[in-house]
Each structure stands twice: as C-alpha cells, then as structure tokens.
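Tertiary structure, described
Listed below, chain by chain, are the residues.
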Amino acid sequence: MPMTRLARSWRTKLLYWGSRLFSLLTCGRGSMDIYLICTQPLRELGPVRSSGSTRVCEVHAGTDFAGAFPRSEEVNRQRFEAGHSCFVATVKEQFAGHIWIARGHYDEDTFRCRYTLPADGRSVWDFDVYVEPRYRLGRTGALLWSEVAGQLRAQGVEQSYSRISLFNTQSIQVHERMGASRVACCAFVALGPVQLMLSSVGPRIRLSLGRKSARPELKLPHTAAADAPPTPGSAAALILGADSHGLAMFRALARAGIDCYVAEHDPTQPGLRSRYLKGHFSVPHFNAPEYPAALTALRQKLSAYQDVVLLAVNDRHVEQIGKHAELLGPLYRVAWLPQAQTVLNLQRKDALEARSRAQGLNYPRSMVIARMTQADEAREFQPPLILKPVRPLSAFKTEIAQSHEELLQLLQRHEASLPILVQEYIAGGDDSIFFGALTLSEGRLVRGMVGRKLASHPPARGQTTIAQTYDEPEVLRLSQRFFEGLPLSGVVSLELKRDPQGRYWVIEPTVGRSDFWVELCIQAGYNQPLHEYQLALGLRPEAGPQTLQPSVWYDTERDPLAFVHHCQALHKYMGLPGHRSSFPYLRQRFDWLPFLASSIRLAGKQAVRAARALRFR
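Residues numbered from 1 in each chain as written. Predicted model: local features only at pLDDT ≥ 70, side-chain atom pairs only at ≥ 80, totals over all residues. Heavy atoms only, no water.

Turning our eyes to something else, we now look at the overall build of the chain. Assigned secondary structure in the chain consists of 17 helices and 27 strands. Along the longest, intermediate and shortest principal axes, the C-alpha atoms of the chain span 100 × 55 × 50 Å. Here the chain holds 617 residues, and the buried ones make up 51% of them. Pairs at least 24 residues apart make up 66% of the contacts formed inside the chain by residues separated by at least 6 positions. (Helix = DSSP H or I, 4+ residues; strand = E, 2+ residues; numbered from the N terminus. Buried < 20%, exposed > 50% of the residue type's maximum accessible area, 1.4 Å probe, protein only. Contact = heavy atoms within 4.5 Å.)

Below, the structure is given as structure tokens:
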C-alpha cells in the first residue's frame with residue numbers, strides 16, 4: 001500500500017488518537033509512535049533553479065553556523081563525535097537549513113533503537129532535514145537535497161534510508177514525491193524507562209526494562225523497497241486466488257524477495273489484506289467463460305515485468321490454464337505448460353486406474369457412471385462404495401453409499417455432476433491417508449516430502465483439516481513411481497491410503513498446482529511455491545534444508561476448532577509434541593490483517609447461522 005494512502009487510512013487515525021490518549025492517561029510519561037523506514041534513490045532530480053545566492057557545503061564541529069542550528073549545542077557536538085556529517089544551506093551567507101548524514105548505523109534519538117545499514121557501503125541514513133521557516137516556500141529545500149545527493153553519488157552512495165512517523169502525513173507526501181519507498185516499519189511504546197518495540201525486521205519484538213538496557217538493533221534489509229516500482233527485466237508472480245491457500249503461497253514467495261500479485265473475484269477474501277501483496281486485481285469467477293480473456297487483459301497491467309509466473313490455486317484454475325494454453329502461454333510463464341495435456345488427463349479421475357495399474361500400483365476397483373442407466377452395473381461391487389465426480393470442483397467432493405440402494409439415491413441426487421466415479425471403499429480412518437509431495441524438473445525428482453492426514457471433513461473422505469509431516473519412505477517411493485516416465489515440471493503430489501493389511505492404494509494425484517496443505521510444506525522448510533516459480537522461469541530450484549522441521553497444520557478456516565479437538569484427543573495443551581504448529585491466516589511475521597479479517601468473517605458467519613437457527617426454532 002502506498003505510504004500516503006496508509007497514513008490517511010482510518011486505522012492510522014485511530015492509532016494516532018490512541019497514542020494521544022495513552023500520553024494523556026500517563027500524564028506525559030508514556031509515548032507511542034509508528035515509524036516507516038524508507039529508502040530513497042539518490043538520483044538526479046533535474047536542474048533546480050537558484051537565485052545564485054544559495055550555497056550548500058559540508059560543515060564540521062565548531063562551524064560558525066552552529067549557533068543557528070535548531071538543536072542544542074550538546075546534541076550537535078554528540079552528532080559530530082559520532083562521525084555524522086552535516087550539510088548546510090546558506091542564503092546570502094545566512095543559515096537556511098541543514099541535513100545530517102549517518103554512515104554504518106544511526107541511533108534513534110526519540111526511542112532506544114539502532115538502525116544498522118547494509119554493509120555494502122552504498123547506503124547512508126539521512127535525518128534531521130531542516131529548512132528555516134522563511135525559506136520553506138522557495139527552492140532551498142530541493143536545492144539542499146539535490147546538492148547533497150550529488151556529493152553522495154560521487155562517493156558511490158546509491159540510496160539513503162530514513163524514518164518517518166506514520167502520523168506525519170505531510171512529510172510522507174514529500175518523501176514519496178521524491179521517490180522514497182517503504183522497506184520496513186517499527187512501532188514503539190514507552191512508559192518511563194520501559195520500552196516495547198515491534199518491528200517488521202528482526203528482532204521483531206524487544207522489551208527493554210531500563211534506560212541502561214542495550215539498544216535493540218534493526219538490521220535494514222538489502223531487498224528492494226516494498227513499494228518500489230519493478231525494475232526493467234524483472235519477474236513477478238500472479239497467484240489466482242487470495243484464500244488461505246493463495247495467502248500461504250504469496251507469503252512464501254514474497255519472503256524470497258518476489259513481487260506478488262493476486263487475481264481474485266471475491267473482494268472479501270482475508271488474504272487481500274496481506275502486507276506481502278504488491279497489488280491485486282478483480283477478475284470474473286474462475287468458472288466464468290470470460291475468465292481466460294480477463295487474464296489476458298491483466299497481463300497488460302503487469303507490462304513493467306518481463307516475465308510473470310502464473311500460479312494456480314485450485315483444479316479449475318489448472319483446467320482453465322491448460323485448455324487455453326495457446327492464449328495464455330505467450331503471456332505468462334507456467335512450469336507445466338509444455339505438458340498441459342498430460343496434466344489435464346491426470347485431473348480426470350476416470351484416467352487414474354489405467355495410470356496406476358500401468359505403474360504397478362494398487363487402485364480400488366472402479367467404474368465410471370456417465371448415465372443413470374449404468375447404475376445397475378455397480379451391483380457387482382462390494383459396499384461400502386465411494387462416489388467422486390470425474391470433473392474437478394463439481395457440486396460435491398465425495399459421498400459414501402453403504403448399499404446399492406443408497407448408491408442409486410446418491411446418483412439421482414447428483415445427476416447434474418455426471419460422469420461420477422464409483423469405487424469400492426478402502427477401509428481405514430483419517431490417519432491411514434498419506435501423501436507424497438514432490439518437485440519435478442522434466443520428470444526428475446528435485447525434492448520430496450511425506451505427510452499424513454490426522455483429520456478431514458467429512459471424516460476419512462473429505463478435505464484435510466489436520467495434517468502432519470511424516471517419515472514414510474515407502475509413500476515417497478510410490479509417489480515417484482506414479483509420475484515416473486512423465487516429463488512434468490512443477491509441484492505434484494499423490495494421495496495414498498493404507499489398508500488394514502498395510503497395502504497402499506492410490507486415491508488421487510494433484511497436478512498443476514500445490515495442494516491445499518501447502519502451508520505444511522512451507523512450515524517444514526520445503527518451499528513448494530518458490531520451486532514452482534523458479535521452474536517456470538527455467539531456474540534451478542533451491543533444494544532448501546536437508547532435514548525438514550516436524551510440523552503440523554490445522555485448517556481452522558474449514559474447522560475453527562481443529563486445534564482444540566486435536567489437543568483434546570492427544571490430552572495435550574500445545575498440540576502434537578515436537579511439531580511446529582501452523583494455521584491459515586495467522587503467522588508470526590506481523591501480517592495480522594488477514595487473521596483479523598478472517599476472524600471477523602468467521603464471527604459474521606456464526607452470527608448469521610445462529611440467527612437462522614433462532615428464526616426457525
């Protein structure tokens with residue numbers, strides 16, 4: 001979000017009045033402020049006209065102008081002793097303003113904090129930019145900055161960092177007009193000698209209990225500014241959805257320094273509130289016929305990027321991209337697009353039996369019912385039977401029939417979703433379902449991980465609500481065998497079920513995209529979205545750490561009490577011992593707005609549900 005827009009938002013105004021109230025209630029002993037850390041390129045601003053009487057020069061300790069400086073003599077002395085530089089503007093030999101420049105680091109003078117600059121020597125920190133009131137309507141300030149920037153450029157300096165209070169809208173506007181962009185933010189709350197600092201760069205939280213406590217050190221990033229325009233020839237990612245799945249993807253990519261955009265039809269999706277997004281675009285629903293044309297038009301809005309990687313979130317996205325490969329291929333980079341027909345075939349559940357048996361894998365006895373007249377042919381199957389629509393993202397995911405009569409009733413109920421796959425059900429609960437997640441480069445394995453379901457909705461046949469990393473080499477081996485011989489590139493996965501005899505049966509693959517539990521992989525150290533992005537650009541994927549972090553993922557979006565239920569089942573208060581827990585929307589990286597938005601959304605849904613229940617009681 002642009003800094004000026006952020007400064008003018010209702011949230012900022014609320015925080016401003018909150019800081020005023022805090023100071024009032026503490027009788028002036030408490031203070032609160034939020035700083036935007038900005039970087040400004042030291043480029044030429046163009047010729048700045050001067051009357052000829054304005055001069056800019058660097059001064060040193062003991063300068064004759066020191067008496068006119070707005071700060072005390074003691075403060076000025078400390079700044080010179082710290083090695084800071086001071087540039088002074090004069091008009092007709094009279095003091096008109098100054099800029100202070102720090103190198104290496106800058107110690108905050110309002111709160112206890114040290115900002116450490118990148119060690120490459122190409123950055124400085126500017127502070128206390130001051131222009132005498134009688135010269136503020138003229139060109140003195142612009143000339144001062146232009147001259148200082150020129151001298152710094154001659155020394156090999158490329159950019160200058162500074163901090164601006166979020167509550168100082170006027171200063172933010174001036175900085176943005178001069179090309180400043182936000183790279184970080186930090187908040188300070190102080191009460192007497194006690195200070196709490198929250199920051200978007202490490203250390204993210206620091207509590208100081210006394211004035212003699214060590215200053216927290218904020219190491220400013222080398223990465224490009226959060227609001228900076230794209231550089232020519234750069235690449236970006238366009239994620240086709242801002243639900244919890246899409247949010248996990250662009251968080252993982254943005255933390256790797258990639259510009260991320262989202263195409264989303266639902267403006268209420270909580271993921272759109274994330275600070276990790278460079279921007280989002282409204283598009284039709286992914287089922288709409290005009291969806292591919294909307295993606296085509298969208299590429300023009302991202303024309304500043306040489307390459308844009310298109311990343312699907314659900315199976316219908318994959319289907320739309322695959323079917324319109326000739327239209328979208330010249331505009332976007334997609335890792336699996338050269339094998340689009342293979343991906344589309346694997347999406348269809350009626351093609352899985354032949355593939356599984358050709359690879360020597362177990363597959364449940366199955367048949368496809370395309371017309372109601374074929375229902376009697378399923379009487380040869382042994383109940384219970386599971387029903388799955390052949391086409392992805394149909395009106396239902398799965399159904400269980402305990403008898404042939406119930407099968408007929410379910411087929412009649414879902415007749416609009418024909419053709420439907422009918423299978424003999426493999427016995428076993430949620431914890432008997434495993435998945436092998438793989439990254440492939442033209443069919444070669446780059447990285448793999450095994451996970452296990454702990455709960456799903458509906459149980460044992462629905463979407464995963466709790467999953468954990470799991471050490472089961474056999475699942476990884478069978479997953480590799482399923483995709484063996486296919487020159488696919490990108491991320492894929494295979495779901496398998498272990499029967500009571502210990503045999504594994506193929507359930508279904510996921511191709512063309514990461515699965516809904518991608519946050520589990522990311523949390524474990526296996527960055528699937530980054531792999532898919534790198535493969536789409538023809539880059540070699542980064543393998544990541546050799547040993548994965550044991551993790552467990554709770555889909556609290558679908559089941560808000562998933563964590564609570566799991567703790568009750570384990571008789572533990574902190575979830576699965578030895579595993580790091582992760583949740584949709586919530587992440588400890590100061591990206592709180594998606595979590596707050598999803599909480600409000602969930603509360604609204606529960607309120608509507610309760611109102612309906614009372615209405616029909």
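Further notes follow.
An order of β25-β24-β21-β22-β23-β26-β27 is seen for the seven strands of this open sheet, with the pairing classed as mixed. Among the strands making up the open sheet, the edge pair consists of β25 (504–510) and β27 (580–582). Averaged over all adjacent pairs, the angle separating strand axes in this sheet is 30°, with direction ignored. Looking at chain direction, strand β21 (residues 433–441) and strand β24 (residues 490–498) are connected through eight bridges and run antiparallel. In the strand pairing of β24, I433 is matched with K497. (Pairing = 2+ DSSP bridges. Axes fitted to C-alpha atoms, helices over the stretch in contact; angles between N-to-C directions.)

What follows deals with the packing of aromatic side chains. One pass over the structure, following the stated rule, counts 24 aromatic pairs. With 6.1 Å between their ring centres and 65° between their planes, Y35 and F111 make a pair best called edge-to-face. Of the two residues, Y35 sits in strand β1 (residues 30–41) while F111 sits in the loop between β5 (105–107) and β6 (114–116), which places them 76 residues apart along the sequence. With relative accessibility at 6%, the residue F111 sits in the buried group. Relative to W125, the ring of Y106 has its centre 5.4 Å away and its plane inclined at 15°; by these criteria the two rings are stacked. Highlighted residues: Y106 in strand β5 and W125 in strand β7 (residues 123–131), separated in sequence by 19 residues. For the pair Y106 and W125, a shared accessibility class is recorded, and that class is buried. Taken together, F69, F80, F95, W100, Y106, Y115, W125, F127 and Y130 form an aromatic cluster joined through their ring pairs. The ring centre of Y276 lies 6.0 Å from the NZ or CZ of R255, which sits over that ring. Positioned above the aromatic ring of F482, the side-chain terminus of R355 is 5.9 Å from the ring centre. (Phe/Tyr/Trp six-rings, centres within 6.5 Å; stacked < 30°, edge-to-face > 60°. Lys NZ or Arg CZ within 6 Å of the ring centre and 35° of its normal.)

Now for the pattern of salt bridges. According to the stated counting rule, one finds 27 salt bridges in the structure shown. Residue R444 pairs with E442 through a salt bridge whose shortest N-O separation is 3.9 Å. As far as the burial class goes, R444 and E442 line up, both exposed. The closest approach of N and O atoms between E495 and K453, which form a salt bridge, is 3.7 Å. Remark: K453 occurs in strand β22 (residues 444–457) and E495 occurs in strand β24; sequence separation between them is 42 residues. Each member of the pair, E495 as well as K453, carries the same accessibility label: buried. Via salt bridges that share partners, R71, R79, E108, D109, D128 and R163 belong to a single interconnected network. (Salt bridge = Lys/Arg side-chain N within 4 Å of Asp/Glu carboxyl O.)

At a closest axis distance of 8 Å, the pairing of helix α6 (residues 244–254) and helix α15 (residues 528–536) adopts a crossing angle of 70°. As summarised for this structure, α6 and α15 are arranged roughly perpendicular, according to the angle between their axes. Crossing of α6 against α15: the hand is right-handed. Along its contact with α6, which presents M249, A252 and L253, the element α15 presents P529, L530 and Y533. Here the residues of the contact of α6 with α15 sort into six nonpolar, no polar and no charged. (Parallel < 35°, antiparallel > 145°, perpendicular 65-115°, else oblique. Left-handed = near helix turned anticlockwise from the far one by under 90°. Nonpolar A, V, L, I, M, F, W, Y, C, P; charged D, E, K, R; others polar.)

Right, let's talk about the state of the cysteines for a bit. Under the defined criterion, the tally for this structure stands at zero disulfides. The thiol of C186 is not disulfide-bonded; the next cysteine sulfur, from C113, is found 5.8 Å away. Among the residues examined, C186 registers a relative accessible area of 2% and is labelled buried. (Disulfide = S-S within 2.5 Å.)

Moving on, we come to the environment of G448. Mapped onto the elements of the fold, G448 is located in strand β22. Ignoring sequence-local partners within four residues, the contact set of G448 consists of A437, L438, L476, Y526 and L548.

In this structure, S599 sits in helix α17 (residues 593–615). Taking relative accessible area as the criterion, S599 reaches 30% and is therefore assigned partly exposed. Taking the C-alpha atoms as reference points, S599 and E557, 42 residues apart in sequence, are found 9.3 Å from one another.

Now for the sheet that holds strand β18 (residues 385–389). Across the sheet, which stays open at both edges, the four strands sit in the order β17-β20-β18-β19 with antiparallel pairing between neighbours. Two strands close off the open sheet at either side, each with one partner strand: β17 (366–369) and β19 (399–401). Strand-to-strand twist across the sheet, computed as the mean angle between neighbouring axes with direction ignored, equals 25°. Pairing between β18 and strand β20 (residues 420–424): five bridges, direction antiparallel. Following the sheet pairing, P389 is matched in β20 by I420. Seen against the sheet, helix α12 (residues 404–413) touches β17, β18, β19 and β20 and runs at an angle of roughly 145° to β19.

Cis geometry marks the peptide bond from P383 to P384; its omega dihedral reads 0°. Residues other than glycine seldom take positive phi values, yet C27 does so here, at roughly 55°. Tracing the sequence through the fold places C27 in the loop between α2 (10–25) and β1. Here the phi dihedral of D128 falls at roughly 50°; this positive angle occurs in a residue that is not glycine.

With that settled, consider the environment of G544. With respect to the element layout, G544 can be found in the loop between α15 and β26 (551–554). Counting along the chain gives 13 residues from G544 to H531, while the straight-line C-alpha distance between them is 9.9 Å.

All right, on to the pairing of β21 then. The element β21 is largely enclosed, with a buried count of nine among its nine residues. Neither face of β21 is exposed, since I433, F435, A437, T439 and S441 on one face and F434, G436, L438 and L440 on the opposite face are all buried.

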